[in-house]
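Below are the chains, spelled out letter by letter.
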Amino acid sequence: NVLVMDYHDNYMTKLAEEETGIDLDFYLFPAEEVVRKFEMMVSANQQLPDIVHLWLSDVARANYGRNGVFRPLNEYFEKYTYFFNRAPITEEERENIMRFGTSPDGNIYAFPAYANAYGDISMFSWFINVPWLEKVGMKKPTTTDELYEVLKAFKEKDPNGNGKPDEIPLISSPGWNGNVFYLLINSFIHYNPSYLFNVESGKLNVPVITEEYREALRYIKKLVDEELLSPLTFTIDQAGLKAMVNLTDDQDTIVGMFCGSTVTLFDVSNKPFEYDASPLITGPKGVKWCPNRTPNYMYTTYITKDCKHPEVAFRFCDYWTEPRRSLITRYGEPGVHFMYRPDDPAAFDKEFPYPSNNLGYEPLHTRFPNVPTPWSNQNRAIWREHFCCMLPANVYSAQASKNPLVTYYGEAKEKGYSVDAHKNYMAYEFYSYGVGAIPRETVTRLIYTEEENLAIAEIASSINSYIRECLALFCTGGMDIEKDWDTYVKTLKDIGLDLYLETAQAAYDRMYK
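My aim in this report is to walk through the structure given alongside it, one point at a time.

Quick notes on the rules
Residues numbered from 1 in each chain as written. Predicted model: local features only at pLDDT ≥ 70, side-chain atom pairs only at ≥ 80, totals over all residues. Heavy atoms only, no water. Helix = DSSP H or I, 4+ residues; strand = E, 2+ residues; numbered from the N terminus. Rg over C-alpha atoms; globule rule 2.2 N^0.38 Å. Buried < 20%, exposed > 50% of the residue type's maximum accessible area, 1.4 Å probe, protein only. Contact = heavy atoms within 4.5 Å. Salt bridge = Lys/Arg side-chain N within 4 Å of Asp/Glu carboxyl O. 1 Å grid on protein atoms, 1.4 Å probe; cavity = no way out; pocket = protein on both sides within 12 Å on 5 of 7 lines; lining within 4 Å. Points joined across faces, edges and corners; volume = space filled by probe spheres on them. Pairing = 2+ DSSP bridges. Axes fitted to C-alpha atoms, helices over the stretch in contact; angles between N-to-C directions. Parallel < 35°, antiparallel > 145°, perpendicular 65-115°, else oblique. Left-handed = near helix turned anticlockwise from the far one by under 90°. Expected span 1.5 Å × (residues − 1). Nonpolar A, V, L, I, M, F, W, Y, C, P; charged D, E, K, R; others polar. Polar contact = N/O pair within 3.5 Å; in protein donor to acceptor, adjacent residues only side chain to side chain.

1. A short note on the overall build of the protein chain
Looking only at helices and strands, the protein chain has 21 helices and 14 strands in total. Computed over its C-alpha atoms, the radius of gyration of the protein chain comes to 25 Å, within 12% of the 24 Å expected for a compact globule of 513 residues. Taking the principal axes of the C-alpha coordinates as reference, the protein chain spans close to 75 × 60 × 40 Å. Counting all 513 residues of the protein chain, 53% fall into the buried class. A separation of at least 24 residues holds for 76% of the contacts in the protein chain among residues at least 6 apart in sequence.

2. As for the pattern of salt bridges
All told, the structure shown has 30 salt bridges when counted by the stated rule. Among the ionic pairs, Glu211 bridges to Arg214, the shortest N-O distance being 3.1 Å. In this pair, Glu211 and Arg214 are both assigned in helix H10 (residues 211-225), three residues apart and thus about one turn of the helix distant. Note on Glu211: relative accessible area 45%, which makes it partly exposed. Residue Arg214 is classed as buried on the basis of its relative accessible area of 11%.

3. Digging into empty space enclosed by the protein
This structure, assessed with the given rule, holds one cavity of 30 Å³ or more. By volume, the largest cavity is sized at about 30 Å³. As for the largest cavity, its lining consists of Trp126, Leu183, Ser187, Leu280, Ile281 and Trp289.

4. Overview of the pairing of strand E3 (residues 126-129)
Residues Trp126 and Ile128 of E3 are buried on one face, and the alternating residues Phe127 and Asn129, pointing to the opposite face, are buried as well. In the sheet, E3 pairs with strand E7 (residues 255-259) via three bridges, with the strands oriented antiparallel. Bridging from a neighbouring strand, Trp126 pairs with Cys259 of E7. As defined by bridge partners, E3 adjoins strand E8 (residues 275-277) across three bridges and the pair is classed as antiparallel. By the bridge assignment, Ile128 is partnered in E8 with Asp276.

5. Notes on the packing of helix H19 (residues 450-476) against helix H20 (residues 485-495)
The interhelical angle for the contact between H19 and H20, taken along N-to-C directions, is 165°, at an axis separation of 9 Å. Considering their axes alone, H19 and H20 lie roughly antiparallel with respect to each other. For H19 against H20, the interelement crossing comes out right-handed. Contacts between H19 and H20 involve Ile459, Ser462, Ile463, Tyr466, Ile467, Cys470 and Phe474 from the former and Trp485, Thr487, Tyr488, Thr491, Leu492 and Ile495 from the latter.

6. Side note on helix H18 (residues 419-434)
For H18, with 16 residues, the first-to-last C-alpha span of 23 Å sits near the 22 Å given by 1.5 Å per residue. Of all the residues in H18, the buried ones are Val419, Ala421, His422, Lys423, Tyr425, Met426, Ala427, Tyr428, Phe430, Tyr431 and Gly434. Taken together, the buried residues of H18 touch E3, helix H12 (262-265), E8 and helix H17 (411-414). Directly after H18, the chain includes Gly436, whose backbone phi takes a positive value near 90°.

7. Here's the deal with the layout of surface pockets
Of the volumes computed, that of the second largest pocket is approximately 1,100 Å³. Elements represented by at least two residues in the lining of the second largest pocket include exactly helix H2 (34-43), strand E1 (51-53) and helix H13 (310-319). Among the residues forming the lining of the second largest pocket, the class breakdown is 23 nonpolar, three polar and five charged.

8. Observations regarding the sheet that holds E1
Spatially, E1-E9-E2-E13 is the arrangement adopted by the four strands of the open sheet, whose pairing is mixed. Both edges of this open sheet fall to E1 and strand E13 (390-391), since each of them pairs with a single strand only. Note that strand E2 (residues 111-115) and E13 share two bridges and pair parallel. Residue Tyr114 lies in a different strand from E13, and its bridge partner there is Met390. Those strands touched by H13 are E1, E2 and strand E9 (296-303), and its axis lies near 155° from that of E9.

9. Overview of helix H14 (residues 323-331)
Burial within H14 is extensive, with eight of its nine residues counted as buried. Looking at H14, one finds that the buried residues are Pro323, Arg325, Ser326, Leu327, Ile328, Thr329, Arg330 and Tyr331. Two or three places before Arg324, at the opening of H14, Glu322 has a side-chain oxygen 3.1 Å from that residue's backbone nitrogen. Looking one or two places after H14, you find Gly332, whose phi comes out positive at around 110°.

Take a look at the structure:
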């Protein structure tokens, strides 16, 4: 990784060598040709490093395993796991970690890493301008009808008070937690654009060809036609949206609601003090979902056929699953980049006496303010990879703060807390709405065989591209929701939707039945 200045003169390396007694040598692949370089090594029958860490598809991992390049680790998990068995993860998390890492032949060819930051779970989040609500005499909307009326008032009643028709009632971009049209669709039917399929009683279906999805498109188009949802939502980038909301105090606020992240859209601005999290919207049939991201299940560390001491290599991977060392892989050196409470509880509690969120986890760690994080800066502290770490939410999100937790809108400003304290409050306020707002059964990661992947790889890419394209066209008038709907469905089937669904169902049955 280009941010790692030295892998040998490196805190993670020195720590591991000192604590395990293992000498580490690094073979660095070219940053732009990692997979290709490894393929060439394998094809030339070159001797491989004992441990290889690189990102491969599920199918590539299975192929290398089946061909004897990677060792199956099933037996090692039974005999040599120590820290992994004691990792503070739930049984469900443990089962999923093993399930998603198991190839179709039943073997596990990679040592897993797992990261579940609570703040990353909700796929979308949106925020509403409270002074504007007060100006128009309305409350936060909770239904699609109420949302329409609030946005209409934002457009017509000059809530920023400058006498100009410059208000943008609702807008978003494709940035982190953006794309508001997906959130609106979920007031009509559950649709997670990352996974396409829904499931009911074990049977997969396709939400984007249903009448519920079509009704959602009609609603969105109505908002666009009446200039309540800005059409820029379908074309603007993150920088463009940030320029609209990240204003100085003397500039008039022009955005009533936005969908995105307060972390990425605001930096020097105090404008966040005007906004609060807005609840999910219930549709006309009582539907109220918010797609959730799955935790990060990563299978990127492999023990190769040329490793002479595979049990030692496996135990080295297992070593990193201990909570303190897992945090080191992400945050750097304890006492320098972050503080780990068990190292010195009294000092930790004195410097960081408050939880940083309302999740109920006992504070375990926190980054030092104003210390550059190695994850996003050049460093000699970490390898800049989630290397065999186990970071469930009760570890990853168990953070502390110097400031009391903000619990209601306006508290941070009233008590002189920083704008960051208010942004943190807003983020977790929406997470309380969005996290878990999904059906009991959902489809997430599916592990395909090589044959299945060959059958659907091109089909899946074409289908997803066509769905995204038509979504924008239906909502902005480029396609007619009434006249062009049948053609849209037929085109998806002509591309291969039925084969994709059939193949996904087979993979789902293999994994879950």
